[in-house]
Amino acid sequence: MKYATLIDFGSTYTKVACVHLPERRVLMTDRFPSTVHTDARIGLHQCFDAVAGAVGRTALQESLKLSSSSAAGGLRMAVAGLTRSLSIMAGRNAAFGAGAKVLANYSGWLTPEDAVSLEKTDVEIVLLCGGYEKGNRTMVLHNAEILGASGLQVPVIYAGNSEAGQMAREIFCRNGKECFLVDNIIPAVGQMNTGPAEAVIRNIFMKRITNMIGMDRVREEIGEILMPTPAAVMMAGKLLSEGTETDAGLGGMMMVDVGGATTDVYSFNKNKGYHYARMVGAAEPFAKRTVEGDMGMRESSVCVVEEAGAEVMAQRAEVSVGLLRASVEKRLSDTSFLADTPEELRIDREIASQAISISVRRHAGYIEKVHSKGVREIQRGKNLTNVETIIGTGGILVSGTDPNSLLQCAVLQEGEREEILIPRKMRALVDRDYIFYAAGLLREYDPDAALTIMKSSLLEIS
Amino acid sequence: MDIEKKKILESVTGTDTSFIQQAREEAQAIQIPRSSWCEAEGFVSEKAYKSVMASKGGIMYHTHFCFPDRESMQRDMPALQEQLEKQGLVLDRFGVSLDPSMALPAELRRRSGEKAGLYLETQEDWNELASYSFSQPHLGDNMIGSPASYDSCCKALRAGITTMGNISQFFGWDYPEFQDVEARTRSTVMAIAAMGAHTEDGVLIHSNLDDGYGDKCADMGQLIGMALLEKYIAEDLLGAKVAHSFGDMFHSPYKRLVFLSALKQIHGDEAFGSMVFANKLGREKRNLDLNDAHLCMCMLYDMAGQVRYQTGHAVTVMADRGLDDQVTNEEIVRKLGLAKQLEAYLPEALKTIHFAAIDTEAAYLVMRGRKLRDNILSYLSNYIDIMEPYSVMLAIKKAGVKGLVEELSDKMEESLPTDYDLYSH
C-alpha cells in the first residue's frame, strides 16, 4: 500500500494527513471545521477531497485509512478510590491514558452525599478502584453499595481488589447498572496495571463516538474509529521516545499541548528516585498524561488568571489589570477570538506561559522533607528532572512567536524550590505539522514510518 | 477615435470558430501521464504538489537550462541530480530553452537553419523532458502564443508536462518568419482550449508578464490590467487556468511584494504561480559573481512573499545569463546553496515587512488594472463579440497592446511605475 490516509475527528477541526508509506513522509495535511455535531461524513468527505486533490481519487481509494476521534471533548469520568496517593492517582492515570477527562475524584468511604454530588457532574463513566490483591475489600464494597444505590445511570468499571470483584458486580447489576470487571489497577505495593482499565474505557469511548451523527456511515467508508485522539497522541509520544528496532527515539521527553480549554501534559520517562528520596504513592507510568481542565487559552483563561494572579500576569504582560480582565472576558465570550493588537498578543503569551508553567508543575512529582529514621526525603509523583526534551503543540506554540520562551516555562526557574521535580534544562521543539495523532494511528501498522514522520515534523526552536 | 485602429478592429469578425470546440474535443482524448517527477514525489499532478507546498508556506525552486542540444541535457541532468542529492538540495522545477524554430509550424521549422537550443522532433523527444525524477519540467518561451502553439501544447501534454507558456508572448512578441497573424491566433486559441479541457488535471498556462508587456506598460497597475485581460480570455472564455509570472524588471523588493500581493488579490484562492524571476540578464557583466547581491535580495523577498501569500510561485536561482547562455551544474548547486542559507533568515526578515501597507498598495494596482481591462473590453465591444475568444485575441493583437494601454488607461489616477529601465534603482 503506497499511501495512508489518517483522519482525526475533533470537536473543533476534522484533520487529515496523507503519508507516503514507502518513503515515510507526509505528503499533505489539512483541516476543516468540525462537523461531528451535524454530520461527521461532511468532514470526512472534505478530507477525502483534499487527499484526492494531492494523490488522485484512485490512490485515495486504495490507501490505508485510519482514524481517531476526540469528538465531544473526551469521555467524562469520575474516579472513586480508597486513597488519594494510591488508587486515585492510579485511576486518574488510567483515565488520562485512555484519553478521558476526569471531572471528579472521591477517596475514602463514599457517602450518599458524594453520590448525589457525583450525579450532578454529568459523568459518563465511573472508575471504582482500591485495595491490593488479598488486601482491603470492605471499603471498596461499601463504595460499590453507595454508587449502586445512587441515581447514576452510567457504566462502572471495577478495577479494585479482584476478590471483591464479583460481589461488587452483583451490587451494580442488582441496581440495574452496567459493571465491567477488569484487572486490579494496583495489584501490589509499587505495581500499577492500568492497561485493562484503559482498554475498557477506550472501548466505551469508541462506542459513544460511533453513536454520533453520521458516524455509522463514516464507519462504512473508513472502518472503525481506532482510538481516542489523546490515546493516539500518547502512543505517538511513546514511540518517539522509545524508537523502533531500527531507528532510535529521543529518549526521555515531554509534550505540552495548550488548547482553548485545557492543557495536556505528557511525559515519557522511567520514574527514578530523586537523589536519595524514597518513592511513595502509586507507581508512575513511563507514559503519563495529565489534563488540566482549568488551564486553557480561551474557555478556561479566567481560571489561569485566578491561579496565577491578575496583578502578576498584568505586570508581566505590561498591561493594566483592568485590560487583562476585560481581555479574558473577551476570550470567554468568544472562543474563536484572535489576538489582533500588540497588547492582546502579549496577554495571549502570558496566559500560555502560565498555563504551561502551572500544568507542568501539577504533572510533575515533588520532594517532601521528612524527619524519620533513615529517611530524610520522600518523593511523590514523577521525577522529570532528567528530562531534557520538550515538544510543544497547539496553536500558540506552533504558529505564535518565540514558542521557545513559552516552553522554557516548564523548566525550573531561578529562585524556584528544587523540591519540584520538573526539568532543569530543556531542548525545545515544536510539532509544526500537527502530525502526532497520525503517527499514533500509524504506529501499529508501520512504526518506522510513524517515527520518521514525527521526526520530520519536529522543528528545534531553542 | 483612431481611424486605423477602427479599421483593424472591424476586420476581426466573421471567422468560423468551430475549430475551438474541435481542439477541445481532440485534447480531451489526450491521457496526460504522470511525469517521472510526479511519480517520484507521489503527487497526482504538479499543481497538487504546488498547492500542498504553498499551503504550508513552503519554498520551491526553479532554474533554467539553455542546453544547446539533447546530448548536453542527457549528460548534465543526471550529473546535476547526483550533485543535488549529495548536498541535500532540491530543485523543484526547471525550464529549458527550446530552439527558436520550435515556435514555427513543423514544416517551416525543418527548413530553418542551425539549431541553437533543444529541438524536439518526435513525441519521445518531448517525453524525455519529463523523464527526470528529481525535477518537473516547465516550458516557457515559444510554446503557447507561438505559431506552433497547438501542436506543441498537445505534444507537451502527452509527455506529462503540465505548465507551459507563454501567453503574454502572443501579444508582446512577433515572429518575422511567420506573418500570418490569423493562423497564429487560431493556433494559440486552440492551445488554450486544449489546456482548458484539462484544467481539472491541474494543467496551467504560464504567462511572464514582463516578457509580453514590460515595454508597453509604464506602471504596475497597467501590468495587472493585462494580467486580468489574459485571465478573462484564458479562464472565463476558454476554461483554462493561468499562472502569472513576473520579476525580471522588478528591482525594488517593495514592488516585487506589491505585485505578488496584487496577483494574489486577482486570483484569490486559485492563485497558482509558475515562478518569480530575478533579473535573468544580470546587471554585472564583467564579474558575474557580483550578481549574487541582486539574486539574494530577490530570493529573500520572493521567499517572504511565498510565506505570506502562498501562491505557489517558485523562487528562481538565475541572475546573470539570461536564457541564452548555459549555466554549469556547479553554479546551480552554488545558488541553491545560497538560497538554503537565506531560508534561515526568513522568519526574522518577515518581521521587518509591513504587509498591510503592501496589500493596500496592491489594492490600488488591482483597481487600476480592473479599470484598464474593463475599458479595453468595452472599447472592443464596439467592434467585435467580446465573448468570442479568437476575436478578442486577434483584435488586441492587431490593435496593439501599447496603443490600447496608452489610450485606455485611467489618466486621473497614478500608480507605481515599473522598473523597466534595468539599470536604475
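Residues numbered from 1 in each chain as written. Chains lettered and ligands numbered in written order. Predicted model: local features only at pLDDT ≥ 70, side-chain atom pairs only at ≥ 80, totals over all residues.

1. Quick look at the overall build of chain A
Helix and strand content of chain A: 17 helices and 19 strands. Against the compact-globule benchmark of 23 Å for 462 residues, chain A has a radius of gyration of 22 Å, which places it among compact chains. Seen along its three principal axes, the alpha-carbon backbone of chain A occupies a region of about 60 × 55 × 50 Å. Across the 462 residues of chain A, 51% fall into the buried class. Here the contacts in chain A between residues at least 6 apart in sequence split such that 71% fall between residues at least 24 apart. (Helix = DSSP H or I, 4+ residues; strand = E, 2+ residues; numbered from the N terminus. Rg over C-alpha atoms; globule rule 2.2 N^0.38 Å. Buried ≥ 20, exposed ≤ 12 C-beta atoms within 10 Å, placed from the backbone. Contact = placed C-beta atoms within 7 Å.)

2. Some remarks on the overall build of chain B
Per the secondary structure count, chain B includes 19 helices and eight strands. In terms of C-alpha radius of gyration, chain B reaches 21 Å, essentially the compact-globule figure of 22 Å for 425 residues. On the principal axes, the C-alpha backbone points of chain B span a range of 60 × 50 × 40 Å. Taken over 425 residues, chain B has a buried fraction of 51%. Sequence-distant contacts, at least 24 apart, represent 83% of the contacts inside chain B between residues at least 6 apart.

3. Observations concerning the sheet that holds strand E16 (residues 375-380) of chain A
Residue and element names in this part refer to chain A. The strand order across the open sheet formed by three strands is E13-E16-E15, and the pairing between neighbours is mixed. The open sheet has two edge strands with one neighbour each: strand E13 (278-280) and strand E15 (366-372). On average, adjacent strands in this sheet sit at an angle of 35° to one another, irrespective of strand direction. The sheet contact formed by E15 and E16 spans five bridges and is antiparallel. Across the sheet, the residue bridging to Ser372 is Val375, located in E16. (Pairing = 2+ DSSP bridges. Axes fitted to C-alpha atoms, helices over the stretch in contact; angles between N-to-C directions.)

4. Details of helix H12 (residues 220-237) of chain B
Residues and elements named next belong to chain B. With 18 residues, H12 should reach 26 Å at 1.5 Å per residue; the first-to-last C-alpha distance of 25 Å fits that figure. Helix geometry: H12 is bent most strongly at Lys231, by close to 25°. A large share of H12 lies buried, amounting to 15 of its 18 residues. Immediately beyond the C-terminal end of H12, within one or two residues, lies Gly239, with a positive phi of roughly 75°. (Expected span 1.5 Å × (residues − 1). Bend = angle between axes of the 7 residues up to and from the residue.)

5. Considerations on the environment of Cys66 of chain B
Here Cys66 of chain B shows up in the loop between strand E1 (61-65) and helix H5 (70-87). Each C-alpha atom of the pair Cys66 of chain B and Met249 of chain B lies 21 Å from the other, and the pair is 183 residues apart in sequence.

6. Examining the environment of Asp30 of chain A
Residues and elements named next belong to chain A. Position of Asp30 relative to the elements: it lies in strand E3 (residues 25-33). As a C-alpha pair, Asp30 and Ser87 span 57 residues in sequence and 41 Å in three-dimensional space. Aside from chain neighbours lying at most four places away, what touches Asp30 is Val16 and Ala50.

7. Regarding unusual backbone geometry
For the bond from Gly165 of chain B to Asn166 of chain B, the omega torsion is 0°, close enough to zero to count as cis. Considering the arrangement of structural elements, one finds Asn166 of chain B in the loop between strand E4 (163-164) and helix H9 (167-172). Here Arg24 of chain A, not a glycine, exhibits a phi torsion of approximately 55°, which is positive. Considering the arrangement of structural elements, one finds Arg24 of chain A in the loop between strand E2 (13-20) and E3.

8. Overview of the packing of helix H2 (residues 18-28) of chain B against helix H10 (residues 181-196) of chain B
All names here are of chain B. The N-to-C vectors of H2 and H10 enclose an angle of 40°; their axes lie 8 Å apart at closest approach. Taken as axis vectors, H2 and H10 run oblique relative to one another. The way H2 lies across H10 gives a crossing that is right-handed. Residue-level contacts link Phe19, Ile20, Ala23, Arg24 and Ala27 of H2 to Arg186, Val189, Met190, Ala193, Ala194 and Gly196 of H10. Broken down by class, the residue content of the contact of H2 with H10 amounts to eight nonpolar, one polar and two charged. (Parallel < 35°, antiparallel > 145°, perpendicular 65-115°, else oblique. Left-handed = near helix turned anticlockwise from the far one by under 90°. Nonpolar A, V, L, I, M, F, W, Y, C, P; charged D, E, K, R; others polar.)

9. Considering the packing of helix H13 (residues 253-267) of chain B against helix H17 (residues 355-380) of chain B
All names here are of chain B. It is at 8 Å that the axes of H13 and H17 come closest, and there the two elements cross at 60°. Considered as vectors, H13 and H17 are oriented oblique to each other. You can see that H13 and H17 cross each other, and the crossing is right-handed. The segment H13 lies against H17, with Leu257, Val258, Ser261, Ala262, Gln265 and Ile266 engaging Ile358, Asp359, Glu361, Ala362, Ala363, Leu365 and Val366. Residue classes in the contact of H13 with H17 are distributed as nine nonpolar, two polar and two charged.

10. Considerations on the confidence of the model for chain B
Averaged over all residues, the pLDDT of chain B equals 91, while 96% of them reach at least 70. For this predicted complex, the interface confidence reaches an ipTM of 0.71, while the overall pTM sits at 0.79. (pLDDT = per-residue confidence, 0-100.)

11. Considerations on the sheet that holds strand E4 (residues 64-69) of chain A
All names here are of chain A. In spatial order, the strands read E3-E2-E1-E4-E10; together these five strands make up an open sheet with mixed pairing. Two strands bound the open sheet, and with one partner strand each, they are E3 and strand E10 (227-228). Pairing of E2 with E3 involves eight bridges; the strand directions are antiparallel. Each bridged residue has a counterpart across the sheet, and for Tyr13 the counterpart in E3 is Pro33. Across the face of the sheet, helix H1 (residues 40-55) comes into contact with strand E1 (3-9), E2 and E3 while running at roughly 30° to E2. Helix H17 (residues 447-457) rests against E2 and E3 of the sheet, and its axis sits at about 75° to E3.

12. Some words on the interface of chain B and chain A
At the junction of the two partners, chain B supplies six residues and chain A supplies nine residues. Per-class residue counts for the side of chain B that touches chain A are four nonpolar, two polar and no charged.

13. Some remarks on the environment of Ala156 of chain B
All names here are of chain B. With respect to the secondary-structure elements, Ala156 resides in helix H8 (residues 149-159). Sequence-wise, Ala156 and Leu139 are 17 residues apart; in three dimensions their C-alpha atoms are separated by 8.5 Å. In this structure, Ala156 is in contact with Trp126, Leu139, Met143, Ile161 and Met164, ignoring residues within four places of it in sequence.

14. What about the domain arrangement of chain A?
All names here are of chain A. Examined at the domain level, chain A breaks down into domain 1 (3-71 + 210-245), domain 2 (74-206) and domain 3 (253-437). The distance between the C-alpha centroids of domain 2 and domain 3 comes to 28 Å. Contact with domain 2, which involves 13 residues of that partner, is made by 10 residues of domain 3. The element contributing the most residues to the side of domain 2 that touches domain 3 is helix H3 (residues 84-97), with seven residues. (Domains from an automatic or database assignment.)

15. Some points on the pairing of strand E18 (residues 427-431) of chain A
Remark: a regular strand shows side chains that alternate across the two faces of the sheet. Residue and element names in this part refer to chain A. Along E18, four of the five residues are buried, which leaves the element largely enclosed by surrounding structure. Direction of pairing for strand E17 (residues 389-393) relative to E18: parallel, over a ladder of four bridges. The residue of E18 that forms the bridge with Gly392 is Val430.

16. Section: helix H19 (residues 401-408) of chain B
Along H19 of chain B, the residues classified as buried are Val401, Leu404, Val405 and Leu408 of chain B. Considered in projection along H19 of chain B, the buried side chains sweep an arc of 95° and stay on one side of the axis. (Arc of directions from axis to C-beta.)

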